Every structure is written in structure tokens, then in C-alpha cells.
Amino acid sequence: MDAQGDTRPLEGAAFGEVADEIIDTLRRWVDEVVVPESSALELADEYPSAMAAQMEDFGLFGATIPESHGGLDLDHVTYARVIEELSRGWMSLAGIVNSHLICAKLISRFGTDDQRDRSLPPMATGKLRGCFSLSEPDSGSDAGALRCRAVRDGDEFVINGTKMWVTNGERAGIVALLARVPEGDPSGSSGITCFLVDKTPGKHSGGITVSRKIDKIGYRGLETVEMSYVDHRVPADRVLGGDGLTDAASRSDGDGGGDGAGHGGGIGNGLRWALAALELGRINVAARGVGVAQAAYDAAVAYAKQREAFGKPIAKHQAIAFKIAEMATKLHAARLMTYDAARKADAGERVDLAAGMAKLFASETAAELSLDAMRIHGGNGFSTEYPVERYYRDAPLMIIGEGTSEIQKLVISRALLADD
Ligand SMILES: Cc1cc2nc3c(=O)[nH]c(=O)nc-3n(C[C@H](O)[C@H](O)[C@H](O)COP(=O)(O)OP(=O)(O)OC[C@H]3O[C@@H](n4cnc5c(N)ncnc54)[C@H](O)[C@@H]3O)c2cc1C
């Protein structure tokens, strides 16, 4: 695409050389391997083992893990660009790393030194896979209503409950699990707490069972599962940030620089910390939206130039040309908003507003553009022989996951209307 028509106009100017090299390598791999192979894997709902292995080689499982623990420690802007490239090829690839990196973010930012030293190095290589488990059958947006319980028994907690929508749950060896510690805990604190639950990858591990794999209309190839916990025992030192009794001394500030656990260690801080880590998730989902929207736009332009109707390429019909102009404009705006949120996160600013806006706009843009691309493809858009049908099935997830569009509007309006 020439400079005039380039929908990525910031490239070559605003980013560092190292970041551009990473993106160039990834872009080549996406074009040469992911684009040709992903539709068949997706339709078969087959896990992309070879692609995941290549992502391990690229170091992507450690993308945002600090270098001190073996990760790449990418800044948020570069991370957003990585996710955008992966999603341009196949959105599920971004899902393979996202909940893993949310789990790692929780550990690096709020974990004790022991927790960081133990879990982050194998997570950075991808040998240990993480997942994030907040949602339940009866609570999603209203996360504070979760029911999963963790009751202390000596040096352990006994977990009971059912978790829903756990992406990467079966393959994971560590779960960032949100559960409620009841009143009366000897730490003097209670409430929703994050546990680092170690498990053996697979369907059963101790009292944990992957009770069902959810069949999805899109975002296929990687597993999203229901997980049941029946009297599953977790050592107290696996409370994220410490349990306030046994290991408070081993905690030091993580990469967030001092969101102290306070009395009770991490007990009762789980939801607040999870919501903070989800800001990374929202930038990830916004970047996924940009990637899918880019793929839809590219497919629409290519098709509109070669498909003829009424004696000329359909791109020469003004209705189609205007549609492409609108698509490019929305795509450009979504990208700028996503990079803006990422830049603010890099500058250490609060990003609930910027990440919420970017996630809202980019995910809705992906949904709109995937339908636009399908319209431009006519009947072929409805066929599995063209990838636009996959974009159309993948895009709606982004208006649901990491907080629905309605919840983003709540977050945005609260930030805008907060009393001084
Ligand atoms: C494929 C997939 C993968 C997922 N992966 C994970 C994962 O790895 N880990 C995890 O913990 N969760 C995961 N989720 C769960 C996801 O985060 C939730 O689905 C999402 O937060 C919405 O919750 P819900 O499905 O319970 O919908 P509900 O909360 O029941 O919402 C239903 C509708 O009501 C609206 N609504 C709710 N409250 C309000 C309000 N106050 N004002 C206005 N409207 C409102 C919502 O916007 C939505 O339109 C995944 C979901 C999907 C589909």
C-alpha cells in the first residue's frame, strides 16, 4: 500500500527501531504462516500447537513480564502492536497470551517476592501457562457477586465453587483464581481474594475438574472452559500478595511500585487488583479490535478492486468507495485511541478512561468493519472460503470480553462525572 493509502501512518516515525524490528518479524510470520493456515484450524476448532510454539520462540509468553524475571518487558505500545499483528492473522492467537499475561501481571505487580521468583520465569518462557478466572455461571459484569469460596483450614485454604469462561483453563498450570474469603478469617481481613492455584495441565488436578468445554461461534482453536472446585486445597502462601499471617515479610513492591497489600496481605484485595490488571486486558482487547478491523479492511479493499459489476470494479461504484472511506477512518481512529491508551499506561498515568474508550471504540469498530467487509464480498462473504466470515464471528467477543460495551460506558461515564 502506498503512503497515501497506508492505514498505519504512524509507522516509521513514532516508534523505536527495536519495536519496529519486533513488529516486522511478527508481520512476516503472520503473512507467511498464520494467514494461510488459520482458517482451516479455526473451522476445525484445532489448537494451533505449532503457532503457539513459534510464539514461545518469539518470547511472546513473556511479552510484558519484567526482564528481571526472564520476560521481554515490552512497553504497552509495542505490546498493543504485537497483539494487533497477531489478531490481523487470527484473533485466537492473541487470546492464547492474553489471560496468561493478565495472570503474570497480577503476580509481578502484587505478588510476594517468592511468588514472583517461582512463577514468572517459567511463565516468561511459556513452559508454564497461566489463566485468569473471575467469571462464574451467575456473575460476569457484576464481578463482586461471585460465589466461589475459600475457607482457611490451618495453613491451607479449601476452595469450593464453579468458574465459567476460563480461557486457556485446561492447558494452564497456574490459575489466577478469584474467590471469596468469609468473614472471621484470622488475618483480620476478608472478601474477594486472588489465589495462585497450581494445577497439572489437563482435565483433572486435585479437586479441580474441567467440567465442560464451551463450544463457541468464534474465537475457536483455544479452549474456554467451565472449571469446578470441590474441596480443593491451596497453601496459604499462594494467596496473591501473601495471606497476612505467614509470609508478609517476603513482599516487596512489584512493577506497579507499591500498591501495598496492607493488613491481611492480599486477602480482600483480589477484586481491586484484578480490575487493575484488566486495564492491560482492555488495551489488549482494543488492539485485537484494531487487528481484526485491519484484516477486514484489507480484505474489503482487495476484493473491491478485483470484483467487477456493471462493467467496472465494484470499488469504482461510489457506494462501495464511500464505505471503504468510512472503514479506513474508523480503523485509523481506533488505532490512535488504542496507542493513546497504551502511551498513557507507559507514562504511568491512570488509564481507566483512555483504555475504556479505546476498548469500546475499537471493539465496536471491529464488529462494524467485519460486517462491512462481508457486505462488500457479497455472497462470497457468506462462504467459509473467504476469511471475512471468521472476522464476523470473532469480532463480537471483543464487545463482551474484559467488560462489555455497556460496562465500558459505565467506566467512562464514572471517570468523566466523578466529583472533584
Ligand atoms: C469467549 C469468552 C472468553 C472469556 N474468557 C474469560 C476468562 O478467561 N476469564 C474470565 O474470568 N472471564 C472470561 N469471559 C467472561 C467475560 O468476561 C464475561 O462474559 C463478561 O464480563 C460479561 O459477563 P456475562 O457474560 O456474565 O454477562 P452479564 O454480566 O450477565 O451481562 C449481560 C448483559 O447485561 C449488560 N449489563 C450488565 N450489567 C449492566 C449494567 N450495570 N448496566 C448496563 N448493562 C449491564 C451487559 O453489558 C450485557 O449486555 C469470557 C467470555 C467469553 C464469551
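Residues numbered from 1 in each chain as written. Predicted model: local features only at pLDDT ≥ 70, side-chain atom pairs only at ≥ 80, totals over all residues.

## Topic: the domain arrangement of the protein chain
So, point 1. By the assigned domains, the protein chain splits into domain 1 (3-125), domain 2 (130-268) and domain 3 (275-417).
So, point 2. Computed from C-alpha atoms alone, the centre-to-centre distance between domain 1 and domain 3 is 19 Å.
So, point 3. With 24 residues of domain 1 at the contact, the number on the domain 3 side is 27 residues.
So, point 4. Elements represented by at least two residues in the side of domain 1 that touches domain 3 include exactly helix H1 (17-43), helix H3 (76-89) and helix H4 (91-110).
So, point 5. The biggest single contributor to the side of domain 1 that touches domain 3 is H3, with 9 residues.
So, point 6. Partitioning the side of domain 1 that touches domain 3 into residue classes produces 11 nonpolar, 6 polar and 7 charged. (Domains from an automatic or database assignment. Contact = placed C-beta atoms within 7 Å. Helix = DSSP H or I, 4+ residues; strand = E, 2+ residues; numbered from the N terminus. Nonpolar A, V, L, I, M, F, W, Y, C, P; charged D, E, K, R; others polar.)

## Considerations on the site of the ligand
So, point 1. Around the ligand there are 22 residues in total, and Gly-140, Ser-141, Trp-165, Thr-404 and Glu-406 lie nearest to it.
So, point 2. Those elements that provide at least two residues to the shell around the ligand are strand E1 (130-133), strand E3 (156-167) and helix H10 (405-417).
So, point 3. Along the lines of polarity and charge, the residues of the shell around the ligand split into 9 nonpolar, 10 polar and 3 charged.
So, point 4. Counting the residues that make up the shell around the ligand, at least three belong to each of domain 2 (130-268) and domain 3 (275-417). (Near = placed C-beta within 6 Å.)

## Quick notes on unusual backbone geometry
So, point 1. Of note, Asp-45 is a non-glycine position whose phi angle comes to about 55°, a positive value.
So, point 2. Along the polypeptide, Asp-45 turns up in the loop between H1 and helix H2 (49-58).
So, point 3. Phi is positive for Asp-73, close to 50°, though the residue is something other than glycine.
So, point 4. With respect to the helices and strands, the residue Asp-73 is situated in the loop between H2 and H3.
So, point 5. The exposure class assigned to Asp-73 is partly exposed, which follows from the 18 C-beta atoms found within 10 Å. (Buried ≥ 20, exposed ≤ 12 C-beta atoms within 10 Å, placed from the backbone.)

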